[in-house]
Amino acid sequence: MSAHITTIPLTPKKDFLSRLSSTKPLSAIAELIWNGLDAGSDRIDVSLVQNAMSGIERIEVKDMGSGIFHPHVPNLFGNLGDSWKKTEKAYQGRSLHGKNGAGRLKAFTLGHHVEWNTIYENDGKHYTYSISGSFNALDQQHFSEPIEIENSATGTEVVITDIQDRIGQLLDENAAEILTKNFALYLAKYSAVEIYYNGKTLDPQTYQTSSTDLPSLQVTLADDSESQVNVTIIEWCVKTPKIMHLCDASGHPLHDIPSGVKAPSFNYTVYVKSDRLKELATDNLLLLDDLHPDQQVIVDTAKAAIKDYFSKRKAETYVKTVDRWKLEHIYPYQKNGKLSPVELAERQVFDIFASNVETYLPKFKDVDQQGKKIIFMLISQALKQNPAAVQTSLTEMLNLNQEQQNDLAELINDTPLANILKSAEIISKRLNFLQRLEQLVCATDTNTILVDPDHLHQLLDSETWIFDESFDLASSAEQLEEVLEKHASLLTSQAGSDTNDDDGSSNPAEHNLRLSKTVQPKAGEHSHLVIELASSSKKIGEDVIPQAIKYATAVANEDCFQGAPARWKFLTVSTLLDQDIKNESNQPKLPSGMVWESPDKTISVWAREWKEVITTARARLEFMQKQLNFEADRDCSKAPLLKTHSKFIPDEVTGTAG
């Protein structure tokens, strides 16, 4: 080899030296491998030569590429930010990775001294020479004159010595695995290429369970131009950080960031590919802490696609999981005929939730079969009636830590179908209540109330939604009760002359049943509901209206209710109203059932029959039930859950309950 040595002029910039010093050891190895691949090599060998103390003494990276053409050395090693690859997209039929000509210098992060021994071909002859340099004198790299050599294949061997202290990661057991994930797309694309790392073959099939190319995405960049983005997701059979590789259009990683997509059941790596990412990397804009707007839109679009993908993947596991539960006899539902939309939704929500309980809560697997069966029964009931109870019960039963509790709470809050089920349960209970009430207060033949007044009071006290939905959660007010009792004498019998006593006097008002409720729709305002339930089976006559108006006005005008806005609704309910009062309660300009309203519209008096009250309430509930069936059917078929959370069932999966 010629003794003549030439110095390569190079003035490294501070920002380059900063990036160079922060390069991770495996990233530096990857750059050296990429250099060999870009040179057209079908095989790359990385060898870690250890000393007697099991430390790394020397690193060798050898390729069988075209070598480094001697006349190009000053340009290749002397111009940071420039490379012949910048103007070329492929070499020997394979896409190129390098961009700035700086990758080769990352070798200096591995050792203080680096030497490139290369053989290249020119006009049918082979030549060899060497390039060498030191980390502490990057501007003093040298290269020798080429000499002709016979019977030698082209290629380059990089030898790194005087090893840096911080490269222990290269000997980690998972080092080959990390590099495999880095080169997975390239190795899949070019099957003839072989890469060996310290004696181990980088074979994606060793760790990979699947590789999926998502449909191409279009994004609008900051300058309103359109750019195509392609996403590949590789799933692994080994635990791995969820990394998003930002790549050029060919799939060469340019920069890595966390994927930002939770998918607890899956180990995966994402490759986001775009020409625009390569342009940003060329301008060193991928390394900034604040993402470039174009990078941000590409990453956000990719994340949405990734979430959608893992929603579908998660759904695929539900069918198998549910089948396993059935075989284990812990599934809380029995097979039956065609399910209503709400019933199907109920089972799907259970499948979603219980599957995630298995996934998120490691302690669940330690519970015996009977315990799992009890837990699943608890979940199925609580999801309908009180989803929050699931969290409390499972936290106590499985002794969950705070992080697991948070996961469980998030899952409950992110399951909108559970709200449909809870509403469906409420409606079902209300319809059953109406049926029982109808049997008690509306005997078809006799129109007689078949229940003791005190019992009826207890029955209706928590069910005032029958009369007015806005008072569903209303409470009784002691002050109001006192005022009502004070003015009770204004109400004589509401049953007319048929209810007079032997001496001709009317039955007192206390023979009727009175309910009162108060709500506060907003701060400083109150709404009061007063209900008089006639105890007689006789018709309520028109003479009741003047009494009710007088009574309502007296109560509403009590001093204790002045000074704050209030609305009053006084309602008389009986098994029968005579025709005159029916006419009064169906006036064209008033709501059905209202017989009088004060000029300022703060007091209203109503008269209704039990049959009409129950029929109206039932019609309202049945309408809501149909709407819930529609909503459940829509949610089960269109699966908005799929679009909002990775744990939800997609369009393709239906009838998982069997």
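Definitions and limits used
- Residues numbered from 1 in each chain as written.
- Predicted model: local features only at pLDDT ≥ 70, side-chain atom pairs only at ≥ 80, totals over all residues.
- Heavy atoms only, no water.
- Helix = DSSP H or I, 4+ residues; strand = E, 2+ residues; numbered from the N terminus.
- Buried < 20%, exposed > 50% of the residue type's maximum accessible area, 1.4 Å probe, protein only.
- Contact = heavy atoms within 4.5 Å.
- Core = buried A, V, L, I, M, F, W, Y, C linked by side-chain atoms within 4.5 Å.
- Axes fitted to C-alpha atoms, helices over the stretch in contact; angles between N-to-C directions.
- Left-handed = near helix turned anticlockwise from the far one by under 90°.
- Nonpolar A, V, L, I, M, F, W, Y, C, P; charged D, E, K, R; others polar.
- Polar contact = N/O pair within 3.5 Å; in protein donor to acceptor, adjacent residues only side chain to side chain.
- Arc of directions from axis to C-beta.
- Salt bridge = Lys/Arg side-chain N within 4 Å of Asp/Glu carboxyl O.
- pLDDT = per-residue confidence, 0-100.
- Phe/Tyr/Trp six-rings, centres within 6.5 Å; stacked < 30°, edge-to-face > 60°.
- Pairing = 2+ DSSP bridges.
- Parallel < 35°, antiparallel > 145°, perpendicular 65-115°, else oblique.

*Asks:* Looking at this structure, how should I read the overall build of the protein?
*Replies:* When helices and strands are counted, the protein shows 19 helices and 23 strands. Here the protein holds 658 residues, and 48% of them are scored as buried. Of all intrachain contacts in the protein linking residues separated by at least 6 positions in sequence, the fraction that spans at least 24 positions is 71%.

*Asks:* Hey, could you run me through the nonpolar core in this one?
*Replies:* In a soluble, globular protein the nonpolar side chains are often hidden away together inside. In terms of nonpolar packing, the biggest core is built from 47 residues, with I59, L170, F183 and Y197 touching the most fellow members. In terms of residue count, helix α2 (residues 25–38) provides more of this core than any other element does, eight residues in total. Not counting residues within four places of it along the chain, the set of residues in contact with L170 comprises P25, L26, I29, L48, I56, I59, L110, A175 and Y197.

*Asks:* I tried to follow the packing of helix α7 (residues 275–282) against helix α8 (residues 293–327) on my own but got confused; where do I start?
*Replies:* Each packed pair of helices is defined by two parameters, the angle between the axes and the distance between the axes. Look at α7 against α8: their axes get within 10 Å of each other, and the N-to-C directions meet at 145 degrees. Of the two elements, α7 crosses α8, and the hand of that crossing is left-handed. Residues R276, L277 and L280 of α7 pack against D294, Q295 and I298 of α8. Across the contact of α7 with α8, the residue classes tally to three nonpolar, one polar and two charged.

*Asks:* Where do I start with the side chain of D578 in this structure?
*Replies:* The residue D578 is located in the loop between β21 (566–574) and α17 (579–584) in this model. Within the structure, D578 has its side chain in polar contact with the backbone nitrogen of I581 (distance 2.9 Å). Dropping the residues within four chain positions of it, D578 is found in contact with K539, I540, G541 and E542.

*Asks:* Would you mind going over helix α15 (residues 478–486) with me for this structure?
*Replies:* Because an α-helix packs 3.6 residues into every turn, residues spaced three or four apart end up facing the same way. L480, V483 and L484 are the residues of α15 that are buried. The arc enclosing the buried residues of α15, seen along the axis, measures out at 100 degrees, which places them on a common side. Projecting away from the buried face of α15 at angles above 90 degrees are the exposed residues E478, E482, E485 and K486. Packing partners of the buried residues in α15 comprise β19 (513–519), β20 (526–533), α16 (544–556) and β21.

*Asks:* I'm lost on the pattern of salt bridges in this one. Help?
*Replies:* Oppositely charged side chains may form a pair once their charged atoms are brought near each other. In the structure shown here, the tally under the stated rule is 19 salt bridges. The residue R608 makes a salt bridge to E612 at a minimum N-O spacing of 2.8 Å. By relative accessible area, which is 11% here, R608 ends up buried.

*Asks:* How should I be thinking about unusual backbone geometry in this particular structure?
*Replies:* At S54, a position not held by glycine, the phi torsion is positive, near 65 degrees. Relative to the elements of secondary structure, S54 occurs in the loop between β2 (43–50) and β3 (56–63). Here the phi dihedral of H329 falls at roughly 60 degrees; this positive angle occurs in a residue that is not glycine. Along the chain, H329 falls in the loop between α8 and α9 (341–360). Look at H329 and you get exposed, because its relative accessible area is 57%.

*Asks:* What should I look at first to understand the confidence of the model for the protein in this one?
*Replies:* Low pLDDT means the predicted atomic positions in that stretch should not be read closely. On average, the protein scores 78 in pLDDT, and the residues at 70 or more come to 74%. At the level of individual helices and strands, the protein shows its lowest average pLDDT in helix α19 (residues 640–644), which scores 33, and its highest in strand β11 (residues 194–197), which scores 96. Contacts of residues 81–87 to residues separated by more than four positions or lying in other chains number 19 contacts, the stretch itself having pLDDT below 50.

*Asks:* Can you walk me through the packing of aromatic side chains in this structure?
*Replies:* Within the structure shown, the criterion is met by 22 aromatic pairs. Ring geometry for Y120 versus Y129: centroids 5.9 Å apart, planes at 75 degrees, classification edge-to-face. With 5.3 Å between their ring centres and 90 degrees between their planes, F350 and F376 make a pair best called edge-to-face. A residue pair is termed long-range when its members are at least 10 positions apart, and F350 in helix α9 and F376 in helix α10 (residues 369–385) qualify at 26 residues. The buried category is assigned to F350, whose relative accessible area is 0%. For F376, a relative accessible area of 0% puts it in the buried group.

*Asks:* In this structure, what is going on with the pairing of strand β17 (residues 253–258)? I would like to understand it.
*Replies:* Taken residue by residue, a regular strand's side chains alternate between the two faces of the sheet. Bridge count for strand β16 (residues 243–247) against β17 is five bridges, and the pairing is antiparallel. For H245, the partnering residue across the bridge sits in β17 and is D256. The antiparallel pairing of β16 with β17 creates a hairpin that spans five residues between the two strands, and G251 there sits at a positive phi of about 100 degrees.

*Asks:* I would appreciate a short explanation of the pairing of β11 in the present structure.
*Replies:* Judged from the four bridges that link them, β2 and β11 form a sheet pairing that is parallel. Bridge pairing in β11 places D45 opposite Y196. By the bridge criterion, two bridges tie β11 to strand β12 (residues 200–201) in an arrangement that is antiparallel. Bridge pairing in β12 links Y196 to T201.

*Asks:* How do you make sense of the packing of α2 against helix α4 (residues 175–182) when you look at a structure like this?
*Replies:* Where α2 meets α4, the closest approach of the two axes is 11 Å, and the angle between their N-to-C directions is 50 degrees. Between α2 and α4, the crossing angle belongs to the class labelled oblique. Along this stretch, α2 crosses α4, giving a crossing that reads as right-handed. Between α2, through L26, I29, A30 and W34, and α4, the contact on the second element is made entirely by A175, I178, L179 and N182. Of the residues assigned to the contact of α2 with α4, the class counts are seven nonpolar, one polar and no charged.

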